[in-house]
Amino acid sequence: MAETLFIPTDTSRAEIYKALFPQIEALIIDESDLTANLANIAAVLKEAFGFFWVGFYLVKEGQLVLGPFQGPIACTRIPFHKGVCGASYTRAETIIVPDVEQFPGHIACSSASRSEIVVPVFHRNGTVAMVLDVDSDQLDDFSETDRFELEKIAALITRKL
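Residues numbered from 1 in each chain as written. Predicted model: local features only at pLDDT ≥ 70, side-chain atom pairs only at ≥ 80, totals over all residues. Heavy atoms only, no water.

Asker: How would you sum up the overall build of the protein chain? Please name residues and give values.
Answerer: Along its length, the protein chain carries 4 helices and 6 strands. N-terminal to C-terminal, the α/β element order of the protein chain is α-α-β-β-β-α-β-β-β-α. Taking 161 residues into account, the globule formula puts the C-alpha radius of gyration at 15 Å, and the protein chain, at 15 Å, falls close to it. Seen through its principal axes, the protein chain has C-alpha atoms that stretch 40 × 35 × 25 Å. In the protein chain, which comprises 161 residues, the proportion classed as buried is 45%. The contacts in the protein chain between residues at least 6 apart in sequence include a share of 52% that link residues at least 24 apart. Charge centroids of the protein chain, computed over 13 positive and 22 negative side chains, lie 5 Å from each other. (Helix = DSSP H or I, 4+ residues; strand = E, 2+ residues; numbered from the N terminus. Rg over C-alpha atoms; globule rule 2.2 N^0.38 Å. Buried < 20%, exposed > 50% of the residue type's maximum accessible area, 1.4 Å probe, protein only. Contact = heavy atoms within 4.5 Å. Lys, Arg positive; Asp, Glu negative; His and termini not counted. Charge placed at Lys NZ, Arg CZ, Asp CG, Glu CD.)

Asker: Which residues make up the pattern of salt bridges, and what values go with them?
Answerer: One pass over the structure, following the stated rule, counts 6 salt bridges. Note that Glu144 and Arg147 form a salt bridge whose closest N and O atoms lie 2.8 Å from each other. A residue pair is termed a helical-turn pair when its members lie 3 or 4 positions apart in one helix, as Glu144 and Arg147 do in helix H4 (residues 144-160) at 3 residues. A salt bridge links Lys152 to Glu149; its shortest N-O distance comes to 3.4 Å. Of this pair, Lys152 and Glu149 both sit in helix H4, 3 residues apart, which is roughly one turn of that helix. Of the residues examined, Lys152 reaches a relative accessible area of 29% and is grouped as partly exposed. (Salt bridge = Lys/Arg side-chain N within 4 Å of Asp/Glu carboxyl O.)

Asker: Outline the side chain of Ser88, listing residues and values.
Answerer: Tracing the chain through its elements places Ser88 in helix H3 (residues 83-91). Relative accessible area serves as the criterion here: at 0%, Ser88 is assigned to the buried category.

Asker: Describe the packing of helix H1 (residues 13-29) against helix H2 (residues 34-49), listing the residues and the values that go with them.
Answerer: Across the interface, H1 lies against H2 with an axial gap of 11 Å and an inter-helix angle of 155°. Looking at the two axes, H1 sits roughly antiparallel to H2. Both H1 and H2 take part in a crossing whose hand is right-handed. Contact residues: Arg13, Ile16, Tyr17, Leu20, Ile24, Leu27 and Ile28 in H1; Asn37, Asn40, Ile41, Val44, Leu45, Ala48 and Phe49 in H2. For the contact of H1 with H2, the per-class residue count stands at 11 nonpolar, 2 polar and 1 charged. (Axes fitted to C-alpha atoms, helices over the stretch in contact; angles between N-to-C directions. Parallel < 35°, antiparallel > 145°, perpendicular 65-115°, else oblique. Left-handed = near helix turned anticlockwise from the far one by under 90°. Nonpolar A, V, L, I, M, F, W, Y, C, P; charged D, E, K, R; others polar.)

Asker: Any chance you could break down the pairing of strand S2 (residues 63-70) for me, citing the residues and the numbers?
Answerer: Relative to S2, strand S1 (residues 53-60) runs antiparallel, the two being bridged by 6 bridges. Bridge pairing in S2 places Leu58 opposite Val65. Linkage of S1 to S2, two consecutive antiparallel strands, is achieved through a turn of 2 residues, within which Glu61 is found at a positive phi near 55°. Of the pairings in the sheet, the one linking S2 to strand S3 (residues 77-78) comprises 2 bridges and is antiparallel in character. Bridging from a neighbouring strand, Leu64 pairs with Ile78 of S3. Two successive antiparallel strands, S2 and S3, enclose a turn made up of 6 residues, where Gly71 displays a positive phi of approximately 130°. (Pairing = 2+ DSSP bridges.)

Here it is in C-alpha cells:
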C-alpha cells in the first residue's frame, strides 16, 4: 500500500475508525518489522484523531518500555504495577480513564494529558506483549467506541507477533 491515508471528515469517530481499519490492515499486512508497523499505527491514530499522545509500551526486562509513539516526550519505563499502562498490563484488559487526575497512581508524563485509554496487545499465547496508550488533552474523550475499535487494531497487531 502506498503510504497515503484517507481520513473522512464531518463524520462520527466510529465512521473514522471504520474507514481507517482496512487502511491500517493494508499498511501492515506485508511488513514484517514490528517497529515499523507500530510506528505507522501510532501515526495513523494521531493524524486521524489529533490525540495528544499515541504510542506503545512493550514488555521488556520485567517492565513496560517505551516503543514507537507520536506526540511529546514520554515516560521511558513504567513498572507493571504503576499508572494506567501498568494497570492495563496487570489486569490484561482495556482501561478507560475519563479524568487522569482521579486515577490512583496515575503517572503524569505530561500535565497536558487529561483522559486516557490503554489497550493491551496480546501474544498469540494470551500473555500481554505490549499496551497501546492513547492520551487526550480533553476530559472524558474516550468511549466504548474507542475501546471496541482500538481492541480490533490490537488484534491486528497480535496476528503479526
